[in-house]
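Each chain, written out:
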Amino acid sequence: RCEEEDVEMPEDAYAVLTRIGLETSLRYAMQLITAASLVARKRKGAEVGVEDIKRVYSLFLDESRSTQYMREYQEAFLFNELQGESMETP
């Protein structure tokens with residue numbers, strides 16, 4: 001994927017990305033390449049580093065972290081308030 005998008009990345013960044021792919025999904029890891037490349041370009045870096053990958057990992061949640069977040073904060077969401085009310089109108 002890096003070759004296709006002309007993204008340069010050192011071996012330690014590949015290792016971090018590989019670990020993320022193993023723990024989440026290959027699709028999620030590949031999407032991080034594009035986002036990390038944009039972060040590196042913004043800081044005027046020549047290649048995507050570990051810090052760039054960590055940055056986008058913290059910004060974009062994978063499916064399991066997103067689900068966990070929704071469970072932890074479900075009380076704060078509007079749809080939770082609707083469940084407590086009766087669906088019948090007076």
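Residues numbered from 1 in each chain as written. Predicted model: local features only at pLDDT ≥ 70, side-chain atom pairs only at ≥ 80, totals over all residues. Heavy atoms only, no water.

Asks: Help me out: how do you make sense of the environment of Tyr57 in this one?
Replies: Along the chain, the position of Tyr57 falls in helix H3 (residues 50-59). Distance in space between the C-alpha atoms of Tyr57 and Ala29 is 9.1 Å, their sequence separation being 28 residues. Excluding residues that lie within four positions of it along the chain, Tyr57 makes contacts with Ile20, Tyr28, Leu32, Asp62 and Arg65. (Helix = DSSP H or I, 4+ residues; strand = E, 2+ residues; numbered from the N terminus. Contact = heavy atoms within 4.5 Å.)

Asks: Looking at this structure, how should I read the environment of Tyr14?
Replies: Mapped onto the elements, Tyr14 comes out in helix H1 (residues 11-23). For Tyr14, a relative accessible area of 32% puts it in the partly exposed group. Placed 39 residues apart in sequence, Tyr14 and Ile53 show a C-alpha to C-alpha distance of 9.6 Å. Once residues lying within four places of it in the same chain are set aside, the contact partners of Tyr14 are Cys2 and Met9. (Buried < 20%, exposed > 50% of the residue type's maximum accessible area, 1.4 Å probe, protein only.)

Asks: Quick question: what am I supposed to make of the packing of aromatic side chains here?
Replies: Two measures describe an aromatic ring pair: the distance that separates the ring centres and the angle between the ring planes. Under the counting rule described, the total for this entry stands at 1 aromatic pair. Measuring from ring centre to ring centre gives 6.2 Å for Tyr28 and Tyr57, while their planes differ by 65°; the resulting arrangement is edge-to-face. Remark: Tyr57 occurs in helix H3 and Tyr28 occurs in helix H2 (residues 26-42); sequence separation between them is 29 residues. By relative accessible area, Tyr28 is classed as buried at 7%. The cationic tip of Arg65 hangs over the ring face of Tyr57; the distance from NZ or CZ to the ring centre is 3.8 Å. (Phe/Tyr/Trp six-rings, centres within 6.5 Å; stacked < 30°, edge-to-face > 60°. Lys NZ or Arg CZ within 6 Å of the ring centre and 35° of its normal.)

Asks: Mind showing me how you'd approach the packing of H2 against H3 here?
Replies: The relative placement of two packed helices comes down to the angle between their axes together with the axis-to-axis distance. Running from amino to carboxyl end, H2 crosses H3 at an angle of 115°, the nearest separation of the two axes being 8 Å. Looking at the two axes, H2 sits roughly perpendicular to H3. Crossing handedness for the pair H2 and H3: right-handed. Contacts between H2 and H3 involve Tyr28, Leu32, Ala35, Ala36, Val39 and Ala40 from the former and Asp52, Ile53, Arg55, Val56 and Tyr57 from the latter. (Axes fitted to C-alpha atoms, helices over the stretch in contact; angles between N-to-C directions. Parallel < 35°, antiparallel > 145°, perpendicular 65-115°, else oblique. Left-handed = near helix turned anticlockwise from the far one by under 90°.)

None of this, on its own, says anything about what the molecule does.
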